[in-house]
Amino acid sequence: MAKKIEITNNIRRLRFFADEMSQQTLAEKAGVSRQTIIAIEGSKYSPSLELAFRIADAFGVKIGEVFDYQAIEEKNKEI
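All of the points below concern the structure found in this document. (Residues numbered from 1 in each chain as written. Predicted model: local features only at pLDDT ≥ 70, side-chain atom pairs only at ≥ 80, totals over all residues. Heavy atoms only, no water.)

1. Here's the deal with the pattern of salt bridges
Selection rule: Counted as salt bridges are all cases of a side-chain nitrogen of Lys or Arg within 4 Å of a carboxyl oxygen of Asp or Glu. The way it works is that DSSP assigns letters per residue, a run of H or I at least four long becomes a helix, a run of E at least two long becomes a strand, and they are numbered from the N terminus. Per-residue accessibility, obtained with a 1.4 Å probe over protein chains only, is compared with the maximum for each type, and a residue is labelled buried under 20%, exposed over 50%, and partly exposed between these values.
Applying the stated criterion to the full structure yields four salt bridges. A salt bridge links Lys3 to Glu73; its shortest N-O distance comes to 3.8 Å. Of this pair, Lys3 sits in strand β1 (residues 3-9) while Glu73 is found in strand β2 (residues 67-73), placing the two residues 70 residues apart along the sequence. Residue class for Lys3 comes out exposed when judged on its relative accessible area of 55%. The partner of Arg54 in a salt bridge is Glu50, and the shortest N-O contact between them spans 2.9 Å. Taken as a pair, Arg54 and Glu50 lie in helix α4 (residues 49-59) at a separation of four residues, close to a single helical turn. A residue is classified by how much of its surface remains accessible, and Arg54, at 30% relative accessible area, is partly exposed.

Here you go:
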C-alpha cells in the first residue's frame, strides 16, 4: 500500500505568539508573496524545503516547530 504524507503547520499559532505578525510581514521575511503564505497556512500548498527553513528562521525556531507530517496508509482502489 502506498503512503500519503499529510503536512500540517503551526504558522497561525506562531504568528499569534510573534506579536500577531501579519501574513504580509512573514511573507516579506521569507521572501515570498502574501498569497503564498496564505496557501501554506491554509494547507493548500506545501512549501519547498528551502522556503520551510526560511519561514522557521523568520520565527527564530526550528523547522519541526513550524511543520509536522504524518504518513497515512492509502487503500489501493481496485476497479
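Read on, since the account is not over.
2. Side note on the packing of helix α2 (residues 23-30) against α4
For clarity, the threshold we go by: Geometry is summarised by axes, namely lines fitted to C-alpha atoms with helices restricted to the contacting stretch, and by angles between N-to-C directions that run from 0 to 180 degrees. Here a crossing is called left-handed whenever its near helix is offset anticlockwise from the far helix by less than a right angle, and right-handed whenever the offset is clockwise. Working rule for contacts: check all heavy atoms of both residues, and any pair within 4.5 Å makes them a contact.
Running from N to C, α2 and α4 point in directions that differ by 120°, and their axes come no closer than 9 Å. Regarding α2 and α4, the two cross each other, and that crossing is right-handed. Counted together, Leu26, Lys29 and Ala30 of α2 and Leu51, Arg54, Ile55, Ala58 and Phe59 of α4 form the full contact between these two elements.

3. Here we look at the packing of α2 against helix α3 (residues 34-41)
Defined as follows: An angle below 35 degrees is treated as roughly parallel, one above 145 as roughly antiparallel, one from 65 to 115 as roughly perpendicular, and anything else as oblique.
Axis separation between α2 and α3 bottoms out at 8 Å; the angle between their running directions is 105°. Relative to α3, the element α2 lies roughly perpendicular. Residue-level contacts link Gln23, Gln24, Leu26 and Ala27 of α2 to Arg34, Ile37, Ile38 and Glu41 of α3.

4. Brief notes about the side chain of Arg15
By the element assignment, Arg15 lies in helix α1 (residues 11-17). By relative accessible area, which is 8% here, Arg15 ends up buried. Sequence-distant contacts of Arg15, defined by excluding residues within four places in its chain, comprise Glu20, Met21, Ser22, Gln23, Leu26, Glu41 and Phe59.

5. A closer look at the environment of Ser43
Inspection of the secondary structure puts Ser43 in the loop between α3 and α4. A C-alpha to C-alpha distance of 7.5 Å links Ser43 and Ile7, two positions 36 residues apart in sequence. If we ignore the near neighbours within four places in the chain, the residues touching Ser43 are Ile7 and Asn9.

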